[in-house]
Amino acid sequence: GSELFERITELPEYYQTRTERAILARVADEIVADVAPRALVEFGSGSSSKTRLLLDAMERRGLLVGYGAVEVSEAALTAAADDLVARYPALRVEGVLADFETPGALPFADVPRLILFLGSTIGNLTREEAISFLGRVTGQMRREDGFLIGFDLVKDTETLEAAYDDAAGVTAEFNLNVLRVLNRELEGDFRLEDFRHRAFYDEARARIEMQLVAVRPVRARLAAIGLEVTLEAGEAIGTELSHKYTRPAVSAMLDEAGLVLRRWDTDPEAKFAVALTKLPA
């Protein structure tokens, strides 16, 4: 699944990763100058170029002390730590092995931090879930901390749907891989050929919905949990939601979570935004 997603981020239709990276390349030094963080704390373990853009900006200003990550995968956490220490030998690295929605105590609470939640991962949460998550982070922030969040923006349906249903079929394979995981982890007997990938934009809810649609009647069993699954042809299993945002919608959500919008940076076509937030003054 992780390998397939990395392939997705390189597809011509998937604008999100390269657009966010370009924004950060342009504004990383300004963000670091604004917050003056001594540690970068990231949801997800990032040794990718986006993370390094900010670490490099901190290093240029002589601020870089630590990097912390909240990561559900121990292997990913260890690999990221090894990569970053190789690049920044004096870097202190601390990890929290946890799901980002229940992270526990965030690392480096004793120094000013720049907390990252990039990639518009927040879009996979409902509005209520996103506000709850942001509120939990807010509860651990100090006045000097900054919280940098990536938001995929509302745009034309054609661009959005293409990003989740690419011509090469990589996203379809990524979606179908859900069934492989269910079969492996829960002793399932789903057949991938019984399903097709579907992704569509729900304009009223401003979100992409990804589904696995049964192409014929399906009867499957997840033996590990004793669950029988029966679907008629055309019925679907929902696999992902990806919400899209406007600046007013983001501002309202941040306000409910106890955060203020410090700066808002987008690309020239306003496809994506990176928002720097802080606690109220």
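The paragraphs below set out a description of the structure included in this document. (Residues numbered from 1 in each chain as written. Predicted model: local features only at pLDDT ≥ 70, side-chain atom pairs only at ≥ 80, totals over all residues. Heavy atoms only, no water.)

## Details of the overall build of the chain
Each helix and strand in the chain was counted, giving eight helices and 12 strands. On C-alpha atoms alone, the chain measures out to a radius of gyration of 20 Å, which is about the 19 Å that the 2.2 N^0.38 rule sets for 281 residues. Projected onto its principal axes, the C-alpha positions of the chain cover 60 × 35 × 35 Å. The 281 residues of the chain split such that 48% are buried. For the chain, restricting intrachain contacts to residue pairs at least 6 apart in sequence, the fraction spanning at least 24 positions comes to 71%. Per element, the accessible surface of the chain, about 13,000 Å² overall, is 50% carbon and sulfur. The distance from the centre of the 33 positive side-chain charges to the centre of the 47 negative ones in the chain is 4 Å. (Helix = DSSP H or I, 4+ residues; strand = E, 2+ residues; numbered from the N terminus. Rg over C-alpha atoms; globule rule 2.2 N^0.38 Å. Buried < 20%, exposed > 50% of the residue type's maximum accessible area, 1.4 Å probe, protein only. Contact = heavy atoms within 4.5 Å. Areas by Shrake-Rupley, 256 points an atom, 1.4 Å probe, with all protein chains shown as cover. Lys, Arg positive; Asp, Glu negative; His and termini not counted. Charge placed at Lys NZ, Arg CZ, Asp CG, Glu CD.)

## Here we look at the sheet that holds strand 7 (residues 207-214)
Read across the sheet, three strands follow the order 6-7-10 without closing on themselves; strand pairing throughout is antiparallel. Every other strand in the sheet has two partners, leaving strand 6 (195-202) and strand 10 (236-243) as the edge strands with one partner each. Each strand axis lies, on average, 20 degrees off the axis of its neighbour in the sheet, ignoring direction. Alignment of strand 6 against strand 7, held across eight bridges, turns out to be antiparallel. Across the sheet, the residue bridging to A199 is M210, located in strand 7. Here helix 7 (residues 170-185) sits on the sheet in contact with strand 6, strand 7 and strand 10, set at roughly 60 degrees to strand 7. (Pairing = 2+ DSSP bridges. Axes fitted to C-alpha atoms, helices over the stretch in contact; angles between N-to-C directions.)

## Considerations on the nonpolar core
Ranked by size, the top nonpolar core spans 34 residues in total, and within it F43, I122, F133, L134, F147 and F151 carry the most contacts. Residue assignment for this core shows that the elements contributing at least two residues are strand 1 (39-43), strand 4 (113-117), helix 5 (127-138), strand 5 (146-152), helix 8 (247-257) and strand 12 (272-278). At five residues, the largest contribution of residues to this core is made by helix 5. Counting 26 residues, the second-largest nonpolar core is a separate cluster that includes A28, A57, A69 and L84. (Core = buried A, V, L, I, M, F, W, Y, C linked by side-chain atoms within 4.5 Å.)

## Here we look at the sheet that holds strand 12
The strand order 3-2-1-4-5-12-11 describes an open sheet built from seven strands, whose pairing is mixed. Each edge of the open sheet is held by one strand with a lone partner, namely strand 3 (92-97) and strand 11 (260-266). Neighbouring strand axes in the sheet, compared pairwise and without regard to direction, differ in orientation by 20 degrees on average. Relative to strand 3, strand 2 (residues 66-71) is paired through six bridges, and the arrangement is parallel. Note that in strand 3 the partner of V70 across the bridge is V96. Across the sheet, helix 5 is in contact with strand 1, strand 4 and strand 5; its angle to strand 5 comes to roughly 165 degrees. Here helix 8 sits on the sheet in contact with strand 5, strand 11 and strand 12, set at roughly 150 degrees to strand 11.

## A few points about the environment of T266
Position of T266 among the secondary structure elements: in strand 11. Excluding anything up to four places from it in sequence, T266 contacts I23, R26, L153, F272 and A273.

## Things to note about unusual backbone geometry
Positive phi is not limited to glycine here, since A36 has a value of about 55 degrees. Its relative accessible area of 33% is what places A36 among the partly exposed residues. In this structure, A206 takes a positive phi of about 50 degrees despite not being glycine. Within the secondary structure, A206 sits in the loop between strand 6 and strand 7.

## Let's talk about the packing of aromatic side chains
For the structure shown, the criterion picks out nine aromatic pairs. Relative to F117, the ring of F43 lies with its centre 5.7 Å away and its plane at 80 degrees, an arrangement referred to as edge-to-face. With a gap of 74 residues between them, F43 in strand 1 and F117 in strand 4 connect regions that are remote in the sequence. The class of F43 is buried, set by a relative accessible area of 8%. (Phe/Tyr/Trp six-rings, centres within 6.5 Å; stacked < 30°, edge-to-face > 60°.)

## Observations regarding the pairing of strand 1
With five of five residues buried, strand 1 lies mostly within the body of the structure. Burial along strand 1 is two-sided: the face carrying A39, V41 and F43 and the face carrying L40 and E42 are both buried. As defined by bridge partners, strand 1 adjoins strand 2 across five bridges and the pair is classed as parallel. Across the sheet, E42 pairs through a bridge with A69, a residue of strand 2.

## Description of the environment of L176
By secondary structure assignment, the location of L176 is in helix 7. Residues L176 and A79, 97 residues apart in the sequence, show an inter-C-alpha distance of 27 Å. Discounting chain neighbours no more than four positions away, the residues touching L176 are L192, F195 and L212.

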